[in-house]
Amino acid sequence: MSGKNQELKIMSGKPILHYFNGRGRMESVRWLLAAAGVEFEERNFETAEQRENLIKSGKLMYQQVPMVEIDGMYLVQTRAILRYIASKYNLYGKDLKEQALIDMYVEGMRDLYDIIMLQPLCLPQDRKETLRVIAERANQRFLPVYEKALKDPGKNYLVGNQLSWADILLLEFILMVEECKPGILSAFPKLQEFKARISKLPRIQKFLQPGSQRKPPMDDQAVEEATKIFNLEKGLYVKHKGVILADF
Ligand SMILES: N[C@@H](CCC(=O)N[C@@H](CS)C(=O)NCC(=O)O)C(=O)O
């Protein structure tokens, strides 16, 4: 098959996710595709050279990943990717107002998500304080919002009466926050119930099982790999209870 034909074949098949073999910014994309029942392939680079080759190919609009090949596009920018998938697979509410509400919930989660995602890269002496800030923010600012949204009897989803990408990302968010602070849901009965119920949806259940494309939390080896691939110097600081300063 010629290079061109092969490329056409790729573009019309399963989405292809370009990233490294870790959660990072791509993990929510994996969650969303899995929840939508979409099979996907991953091209995870293992070296800085592989990442540079992808940049040289001209397929990365901002020389950054995540990038997803889907429907003939090279989609970048995590939120753009997530919104495209959510819209395509009917996970984005029934009207503009529901979409706005979904966006508000998701953007809130993303604020804390960014800190959680980066915390494995923080300096050892900053780890305890980073985890404390994450737990405090989750407890006081974010989890109460989602608990309240689910409080009415029979309210199964964050927005309207159907599953949306806000629900999928909320489950991902809850599990990540629990990894930082086990037991944090004890004060949030509706979220406990939500977690149990959404985890049982067949596609989600499958994604939560070992052997799926879900990635584990970053261990020291994964941090080492990411540091090499992205040429990062370790050194991230949490300042003012939640603002991350990346000091590469
Ligand atoms: N706003 C972008 C940020 C993407 C980003 O910072 N990607 C990192 C990897 S997670 C990257 O490619 N860094 C290399 C660089 O910025 O040159 C998004 O959400 O996709």
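As a starting point, this report considers the structure included with it.

Calculation criteria
- Numbering of residues starts from 1 in each chain and follows the order in which that chain's sequence is written.
- With the structure being a predicted model, the display of local features is reserved for residues of pLDDT at least 70 and the display and counting of side-chain atom pairs for 80 or more, all residues being used for whole-chain, interface and lining totals.
- Our exposure labels follow a C-beta count within 10 Å of each residue's own C-beta, placed from the backbone: buried means 20 or more other C-beta atoms, exposed means 12 or fewer, and partly exposed covers the counts in between.
- To qualify as a helix, a DSSP run of H or I must reach at least 4 residues; to qualify as a strand, a run of E must reach at least 2; elements of each kind are numbered from the N terminus.
- By the convention adopted here, residues are in contact when the distance between their C-beta atoms, placed from the backbone, does not exceed 7 Å.
- For two strands to be treated as a pair, DSSP must find no fewer than two bridges joining them.
- All axes here are fitted lines through C-alpha atoms, helices being fitted over the stretch that makes contact, and every angle between N-to-C directions spans 0 to 180 degrees.
- Nearness here has a simple definition: the residue's C-beta atom, placed using the backbone, must lie within 6 Å of the molecule or strand.
- Note on residue categories: nonpolar means Ala, Val, Leu, Ile, Met, Phe, Trp, Tyr, Cys or Pro, charged means Asp, Glu, Lys or Arg, and polar means any other residue, Gly included.

Another aspect to go through is helix H2 (residues 27–36). Within an α-helix, residues lying three or four positions from one another point in the same direction, as the helix has 3.6 residues per turn. With 9 of 10 residues buried, H2 lies mostly within the body of the structure. Within the sequence span of H2, burial applies to Glu27, Ser28, Val29, Arg30, Trp31, Leu32, Leu33, Ala34 and Ala35. Here the buried face of H2 lies against strand E1 (16–20), strand E3 (67–70), helix H4 (78–88), helix H7 (165–180) and helix H9 (202–208). Positive backbone phi, at 75°, marks Gly37, one or two positions downstream of H2.

Attention now goes to the sheet that holds strand E2 (residues 41–45). Pairing in this open sheet of 4 strands is mixed, and the strands run E2-E1-E3-E4 from one edge to the other. Only two strands of the sheet have a single neighbouring strand rather than two, namely E2 and strand E4 (73–76). Here the strands of the sheet are splayed against their neighbours by 25° on average, with no regard to which way each runs. Note that E3 and E4 share 4 bridges and pair antiparallel. If you follow Met67 over to E4, its bridge partner there is Val76.

What follows covers the site of the ligand. Taken together, Gly24, Arg25, Gln63, Gln64, Val65, Pro66, Gln77, Thr78 and Phe230 make up the full set of residues adjacent to the ligand. Residues of the shell around the ligand, tallied by class, amount to 3 nonpolar, 5 polar and 1 charged.

Turning our attention to the pairing of E1. Counted residue by residue, E1 has 4 buried out of 5 residues, so it is predominantly covered. Sheet topology note: the E1/E2 ladder contains 5 bridges and is parallel. Each residue of the ladder has a partner; that of Tyr19, found in E2, is Asn44. Note that E1 and E3 share 3 bridges and pair antiparallel. Considered in E3, the bridge of Leu17 is made with Val68.

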